[in-house]
Amino acid sequence: MGIAKKNARISRYMVSPSVLVLLAWMIVPLSMTIYFSLIRYNLLYPGENEFVGLENFEFFLTDEGFTAGMGNTLILVGAVLLITVVLGILISVLVNQKFFGQGIVRVMLISPFFIMPTVNALVWKNLLLHPVSGVFAAVSIFFGAEPVDWFTDYPLFSIIMIVSWQWLPFAILLLMTALQSLDQEQQEAARLDGAGPIALFWHLTLPHLARPIAVVVMIETIFLLSIFAEIFTTTGGGPGFETTNLAYLIYSQALLQFDVGLASAGGLIAVLLANIAAFFLVRLVGKSLTDKT
Amino acid sequence: MADLTIKNLRKAYGDIEILKGIDLEIKDHEFVVFVGPSGCGKSTLLRSIAGLEEVTGGQIFLDDKEITELAPAKRDLAMVFQSYALYPHMSVRKNMSFALELAKQDKATINEKVAEAARILELTHLLDRKPKDLSGGQRQRVAIGRSIVRHPSVFLFDEPLSNLDAALRIQTRLELARLHHDLNATMIYVTHDQVEAMTLADKVVVLNGGQIEQVGSPMELYHHPVNQFVAGFLGMPKMSFLPGRVLSGDQSGINVELESGVQLQLPISGEKVAKGSDVTLGVRPEHITVTDKDSSTFQGRLDIAEHLGSDTYCYVQTETKQTLTVRAPGTFPGAYGDTVGLSLDLSHCHLFDAQGKAIHKLSRSAA
Amino acid sequence: MFTNVLSLDRLSLKSRRRLINVLLGTLAWGVALAVFFPIFWMILTSFKTEIDAFATPPQLFFSPTLENYALINERSDYFHFAWNSVVVSFGSTIIGMMIAVPAAYSMAFFETKRTKSTLLWMLSTKMLPPVGVLVPIYLLFKDLGMLDTRLGLVIIYTLINLPIMVWMAYTYFKEIPKEVLEAARMDGASLFQEIWRVLLPMSKGGLASTVLLSLILSWNEAFWSLNLTASQAAPLTALIASYSSPEGLFWAKLSAVSTLACAPILIFGWISQKQLVRGLSFGAVK
């Protein structure tokens, strides 16, 4: 048999385990979710599993938590994106110059990303944001202001703070790396042409960062849609539905209310949302596959 | 014995045909150079011989044994890659002994062969270094050493000099010629540089568009190109071409009129050429002389003169806006815009028909 | 005269640059310290007594103690949870690599028309929100008796990290010049020898980064670990989450447990930060 044909056969064998495994991972649970979403299935009321069509979807969308959940999800994702991207750009540009201890500074900046989400949540809730003994409280008192009871008064914002802190390094890391490939000669030529630092930033740096920023935005969007641990560990979705996002809502329906049918419907909606974001990301990544840079 | 025979070799990628039927005979001990422009298929041909590409049709024989479908390692060939392709995580010694280890030869033999190859290539003091600690020229020698230790029937070289700087290239070219002489092995060498082809080869194979244009010794191809492509490809600076028309011709010669009106009587067989047909005159720079305006065949205006010291190459524009390259003595002053007279050595002119094929000369004089 | 010295116009180009550089450097340090502060505070708190930890206002200076670390197992069996984290992270990474490396190899060196779309499809499975399949996975695990088992978590983690492992390995393999492998082939190497003796040694660094990234992602994973485990197989993420419904003073202990739990990953992350970018950005940023 020809060499190439033999190799093609071997390569198919080598790829198939991954493909098969992921295919199973995709198809089996997803199809189950679809099935469950179309039947009445509540673990508290076993036995009656009849087909109810789109009833679950209706219930889910009209559930009191849904509007809040969707709204919170969008606010959460939007706010974190804004904070991490803007600060990410500014900080990565700042850190891109050479200065004393640059290495250590970078290490410090990316650390939050490697902290467990549950640790993150509790450290912020207790050590920092606690209205009595937290560091933020101490700082407020120092400046003569009344300390804020963050989790009571601004629960969603507290979550936003926590998540932004965790994801800021992600943006910094990616943008820092992208800045390394900034064309030095182009910068020198622009400087010779009389461009000041702001002009350099606006006309050279930002456009160069356009693609990495898009990557950061899309990857963060996909993962931020599913924020769970921080909410789970601090507020449990409350007070009321104030910190419930879509992911937490579905979780509470599935594992707290045991309404499988409803949760499955919700799950599919979440998948749909994520797919929209994923579509654009996959396109972008696909382009980078064929690019030489 | 290492005779290589290639019969009607074809190679296609999907719908695109890279090699369109190659027939070639390579004799033992020959230094054969595949030369041609980018995309002509010379590397593909080499890699097909090596077994790194699968052929779509045709056969390859090594000493009457068919190797067309054999795995590369079983073909008794060794290849020196353009980028050297050294194993970066192995020392020079390991790089050279790897193949022998895979063949399960005993340590003593391996050490002996490696030492010998290192000696020939002056690598002995570098044996324990890693490739990243070597210069380009040294890495190339290791790549060659890797091939030598295997004592293959045929050595394959894929543009080995193209990654070297100019001075190193010339030096290495000489070393390769010496190596061929010392090892007395069959070598197939791919390059786009016609100077390497002319200086190194026993036999040159000119490829174009997946087909062989001509095969022969360098001198044969230089003085007797079978078509316009080969004529224009070999020789530096390139041959100049002037379009013209046949006025009359018979077995004793051809009368050609150039665009400018100049008429020339050429010692080229006019038997098979129709009157009035379009032809192209080809003449090499060394066969045109600058004479004073009055005693010349025709005149032109000097555009640029490149003074190399040993020669002066003049780029002359004729009245009909054709450019001729003329080799003049090194002392020729040549100022821009001068009108110069040109005289052609008619016995060394080539004539090509409308399809680019060479029309036979009456006598096959060499230089 | 004093103001003259401060006027930037009077300074030479070099001094001006240096001054700006120092200012920016200071600013950078400030920002970095602010960002790092929570981690610093957590580590600091782990050396306080509970009373010091809860003191109002919070203390920067105190007499440190190691009691929190010594009593790490007091509230709950720290080592049990840590061991679960280790088993689950390393287990899923090893299995994942065994499946991913061959796939990446063949996609890098035997590229077909389907290769690119297969890769992108694999990546898209990573973009599936876990909640979407929470229900069926939970029920499936329940029926198969895999709830609260390390095996269950290992399987899930292998599945969710496989795309990134394949992807990263693929990009590293693609950087290996094809010709070195062809040289090995001409030297007589079989496919196995080609991979084992040439490809893997050459891609050691890249594969190490892939392993590290997978370990980091598994160790920090906080969705499935919270929902699919209880006491038997719960890893450190779940242990920490249990501190959210506190009994009594616990801040110092929480800090100690957290510091221990996060330290290895912090170190991994610091070491391999540059290489991780590739995996984290799905190869879109290099």
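Because the structure is predicted, anything quoted here is derived from the model rather than measured.

(A) View of the overall build of chain B. Along the backbone of chain B there are 8 helices and 20 strands. C-alpha extents for chain B along the principal axes are approximately 75 × 45 × 35 Å. Across the 367 residues that make up chain B, the buried fraction comes to 52%. Partitioning the intrachain contacts of chain B with sequence separation of at least 6 by distance along the chain shows that 64% fall at a separation of at least 24. Carbon and sulfur atoms make up 49% of the accessible area of chain B, which amounts to about 16,400 Å² in all. Averaged over its 39 positive side-chain charges, chain B has a centre that lies 6 Å from the centre of its 46 negative ones.

(B) A look at the overall build of chain A. A count of helical and extended segments in chain A gives 13 helices and 0 strands. Mapped from its N terminus to its C terminus, chain A presents α and β elements in the order α-α-α-α-α-α-α-α-α-α-α-α-α. Expected size for 293 residues packed as a compact globule is a radius of gyration near 19 Å; at 24 Å, chain A overshoots this value by more than 25%. The buried share of chain A, taken over its 293 residues, is 56%. Sequence-distant contacts in chain A: of pairs separated by 6 or more residues, those separated by 24 or more amount to 67%. Taken as a whole, chain A presents about 13,200 Å² of accessible surface, with 68% of it coming from carbon and sulfur.

(C) Looking closely at the interface of chain A and chain C. Contacts between the two partners involve 95 residues from chain A and, on the opposite side, 101 residues from chain C. Buried area between chain A and chain C, both sides added, is near 8,400 Å², and the carbon and sulfur share of it is 82%. For the chain A face of the interface with chain C, the top three residues by lost area are W25(A), F114(A) and M116(A), together amounting to 10%. One can count 0 salt bridges joining chain A with chain C. Counting across the chain A and chain C interface gives 9 residue pairs in polar contact (both at pLDDT 80 or more). Each residue belonging to the side of chain A that touches chain C can be placed in one class, and the counts come to 71 nonpolar, 21 polar and 3 charged.

(D) Just the interface of chain C and chain B, in detail. Between chain C and chain B, the residue contacts involve 16 residues of the former and 22 residues of the latter. Here chain C and chain B share an interface that buries about 1,700 Å² over both sides, 61% of which is from carbon and sulfur atoms. Three residues stand out in chain C for area buried against chain B, namely M186(C), D187(C) and R197(C), and they jointly supply 43% of the buried area on that side. Put simply, chain C and chain B have 3 salt bridges between them. Close ionic contact of D187(C) with R150(B) constitutes a salt bridge, the shortest N to O distance being 3.9 Å. The tally of links from chain C across to chain B stands at 8 residue pairs in polar contact (both at pLDDT 80 or more). Those elements giving two or more residues to the side of chain C that touches chain B turn out to be α10 (178-186) and α11 (191-202) of chain C.

(E) Main features of the pattern of salt bridges. Under the counting rule described, the total for this entry stands at 14 salt bridges over all chains. Notably, a salt bridge pairs R10(B) with E17(B), separated by 3.4 Å at the nearest N-O pair. A residue is classified by how much of its surface remains accessible, and R10(B), at 31% relative accessible area, is partly exposed. Judged by its relative accessible area of 36%, E17(B) is partly exposed. Measuring nitrogen to oxygen at the nearest pair gives 3.9 Å for the salt bridge that ties E53(B) to K11(B). Of the two residues, E53(B) sits in the loop between α1 (42-50) and β4 (57-62) while K11(B) sits in strand β1 (residues 4-13), which places them 42 residues apart along the sequence. Both residues of the pair, E53(B) and K11(B), belong to the buried class. Residues joined in a network through salt bridges with shared partners are K11(B), R47(B), E53(B), K178(C) and E182(C).

(F) Up close: helix α6 (residues 78-109) of chain C. Here α6(C) contains 32 residues, and its C-alpha end-to-end distance of 45 Å stays within 8% of the 46 Å for a straight helix at 1.5 Å per residue. At M97(C), α6(C) shows its largest kink, close to 30 degrees.

(G) Molecular detail of the sheet that holds strand β3 (residues 31-35) of chain B. All names here are of chain B. Taken in spatial order, the 6 strands line up as β6-β7-β8-β3-β9-β10 in an open sheet, and their pairing is mixed. Both edges of this open sheet fall to β6 (77-80) and β10 (211-216), since each of them pairs with a single strand only. Each adjacent strand pair in this sheet contributes to an overall mean axis angle of 20 degrees, direction not counted. Note that β6 and strand β7 (residues 154-158) share 4 bridges and pair parallel. Bridge pairing in β7 links A78 to F155. With respect to the sheet, helix α5 (residues 166-183) is in contact with β3, β7 and β8 (186-191), its orientation differing from that of β8 by roughly 160 degrees.

(H) A look at the packing of helix α8 (residues 155-180) of chain A against helix α16 (residues 273-280) of chain C. For the pair α8(A) and α16(C), the least separation of the axes is 10 Å and the interaxial angle reads 100 degrees. One element, α8(A), and the other, α16(C), form an angle in the roughly perpendicular class. Along the contact surface, α8(A) presents F170(A), L173(A), L174(A), M176(A), T177(A) and Q180(A), while α16(C) presents Q273(C), K274(C), V277(C) and L280(C). The residue inventory of the contact of α8(A) with α16(C), partitioned by class, reads 6 nonpolar, 3 polar and 1 charged.

(I) Representation of unusual backbone geometry in the model. All names here are of chain B. Residue P237 is reached from M236 by a cis peptide bond, and omega for that bond is 0 degrees. Tracing the chain through its elements places P237 in the loop between α8 (228-233) and β11 (240-250). Phi at Y84 is positive, roughly 70 degrees, even though this residue is not glycine. On the secondary structure map, Y84 appears in the loop between β6 and α2 (92-102). Residue Y84 is classed as buried on the basis of its relative accessible area, which comes to 6%. Backbone geometry places H151, a non-glycine residue, at a positive phi of 45 degrees. Taking the relative accessible area as the measure of exposure, H151 reaches 45% and is therefore partly exposed.

(J) Expanded view of the environment of L77(B). Structurally, the position occupied by L77(B) is in strand β6. Taking the relative accessible area as the measure of exposure, L77(B) reaches 0% and is therefore buried. C-alpha of L77(B) to C-alpha of L62(B): the two residues are 15 residues apart in sequence and 9.8 Å apart in space. Leave out the neighbours within four places in its chain, and L77(B) touches I49(B), A50(B), L62(B), R150(B), P152(B), V154(B), L156(B) and M186(C).

(K) Spatial organisation of the nonpolar core. One finds F34(B), F173(C) and W224(C) to be the most contacted residues of the largest nonpolar core, which totals 226 residues. Per-element tally for this core: the top contributor is α8(A), with 18 residues. The contact partners of F173(C), leaving out residues within four places of it in the chain, are V101(C), A104(C), Y105(C), A108(C), F109(C), L199(C), S203(C) and L207(C).

(L) Main features of the packing of aromatic side chains. Summed over the entire model, instances satisfying the criterion amount to 35 aromatic pairs over all chains. Ring centres of Y105(C) and F110(C) lie 5.9 Å apart, and the angle between their planes is 75 degrees; this geometry places the pair in the edge-to-face category. Just as Y105(C) is buried, F110(C) falls in that class too. Put simply, the rings of W25(A), F228(A), F232(A), Y248(A), Y251(A), F223(C) and W224(C) touch in pairs and so form one group of aromatic residues. Looking at K125(A), its charged tip hangs above the ring of F151(A), at a distance of 5.9 Å from the centre. Over the face of the ring belonging to Y13(B) we find K11(B), whose NZ or CZ atom lies 4.6 Å from the ring centre.

(M) Summary view of the confidence of the model for chain B. Averaged over all residues, the pLDDT of chain B equals 89, while 99% of them reach at least 70. Interface confidence in the predicted complex, given as ipTM, is 0.82; pTM for the same model is 0.80.

(N) Just the pairing of strand β9 (residues 203-208) of chain B, in detail. Residues and elements named next belong to chain B. Of all 6 residues that make up β9, 5 are buried, and the element is covered over most of its length. Sheet analysis places β3 next to β9, joined by 4 bridges and oriented parallel. Residue pairing for β9: V32 is matched across the bridge by K203. Relative to β10, β9 runs antiparallel, the two being bridged by 5 bridges. Bridge pairing links V206 to Q214 in β10. A loop of 2 residues connects β9 with β10, the two strands running antiparallel in sequence, and G209 in this loop sits at a positive phi of about 60 degrees.

Cut-offs applied
Residues numbered from 1 in each chain as written. Chains lettered and ligands numbered in written order. Predicted model: local features only at pLDDT ≥ 70, side-chain atom pairs only at ≥ 80, totals over all residues. Heavy atoms only, no water. Helix = DSSP H or I, 4+ residues; strand = E, 2+ residues; numbered from the N terminus. Buried < 20%, exposed > 50% of the residue type's maximum accessible area, 1.4 Å probe, protein only. Contact = heavy atoms within 4.5 Å. Areas by Shrake-Rupley, 256 points an atom, 1.4 Å probe, with all protein chains shown as cover. Lys, Arg positive; Asp, Glu negative; His and termini not counted. Charge placed at Lys NZ, Arg CZ, Asp CG, Glu CD. Rg over C-alpha atoms; globule rule 2.2 N^0.38 Å. Buried area = accessible area lost by both parts, 1.4 Å probe. Salt bridge = Lys/Arg side-chain N within 4 Å of Asp/Glu carboxyl O. Polar contact = N/O pair within 3.5 Å; in protein donor to acceptor, adjacent residues only side chain to side chain. Nonpolar A, V, L, I, M, F, W, Y, C, P; charged D, E, K, R; others polar. Expected span 1.5 Å × (residues − 1). Bend = angle between axes of the 7 residues up to and from the residue. Pairing = 2+ DSSP bridges. Axes fitted to C-alpha atoms, helices over the stretch in contact; angles between N-to-C directions. Parallel < 35°, antiparallel > 145°, perpendicular 65-115°, else oblique. Core = buried A, V, L, I, M, F, W, Y, C linked by side-chain atoms within 4.5 Å. Phe/Tyr/Trp six-rings, centres within 6.5 Å; stacked < 30°, edge-to-face > 60°. Lys NZ or Arg CZ within 6 Å of the ring centre and 35° of its normal. pLDDT = per-residue confidence, 0-100.

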